[in-house]
Amino acid sequence: MIGTGLVAILGGLAIIVSLPFATAWRVLVAAFWMAVGMRDLFLIVAGYRHCSRMRLEHNGVLLVVDPERCCAAATLSAGSIVLRDIAWLRFRAEDGRRHAELLRSKTVQSEDWRRLQVIWRHLGAGR
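Bear in mind that the values here come from a model prediction, so they are computed numbers and not experimental data.

Rules used in this analysis
Residues numbered from 1 in each chain as written. Predicted model: local features only at pLDDT ≥ 70, side-chain atom pairs only at ≥ 80, totals over all residues. Heavy atoms only, no water. Pairing = 2+ DSSP bridges. Helix = DSSP H or I, 4+ residues; strand = E, 2+ residues; numbered from the N terminus. Expected span 1.5 Å × (residues − 1). Buried < 20%, exposed > 50% of the residue type's maximum accessible area, 1.4 Å probe, protein only. Arc of directions from axis to C-beta.

A. Inspection of the pairing of strand S6 (residues 98–104) at higher detail. Here seven bridges tie strand S5 (residues 86–93) to S6, and the two strands are oriented antiparallel to one another. Within S6, the residue paired with tryptophan 88 across the bridge is leucine 102. Here S5 hands over to S6 after four residues, with glycine 96 in that stretch at a positive phi of 95°.

B. The arrangement of helix H1 (residues 2–17) in detail. Taking 1.5 Å per residue as the helical rise, H1 with its 16 residues ought to reach 22 Å, and the 23 Å between its terminal C-alpha atoms agrees with that figure. When we look at burial in H1, the residues that qualify are Gly5, Ile9, Gly12, Leu13 and Ile16. One side of H1 holds all its buried residues, which, seen down the axis, span an arc of 100°. Opposite the buried face of H1, by more than 90 degrees, sit the exposed residues Thr4, Val7, Leu10, Ala14 and Ile15.

C. Layout of the pairing of strand S2 (residues 62–65). Inspection of the sheet shows strand S1 (residues 53–56) paired to S2 by four bridges, in the antiparallel sense. Within S2, the residue paired with methionine 54 across the bridge is valine 64. Relative to strand S3 (residues 71–76), S2 is paired through four bridges, and the arrangement is antiparallel. Looking at the pairing, leucine 62 lines up with alanine 74 of S3.

Dropping the structure here:
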């Protein structure tokens, strides 16, 4: 994810430099692009420090595991979506931090993915 973000920032800078505007405008837009891109990358890195793994229990409790293997409960937030092959989960940890994770199924017949879909059908209706 970090590598893709860096490539996007560099690609955007290459496009900005090639625009037919005055040099001052290109420098200003490039600086803005770089600042926004780096801010987003820092937010992603900070998120990875607090959430390396998550586990959704059968009763809907979401456990967030940090790199030191410490668990914290979290609650799913509105705006989460679970589809056939992909899911976008938004959740808030006990300490108030908000996270969003894009997940995809490795195989269509995955038992864990099917379990996530069933849990989400029951939980998602109330969100």
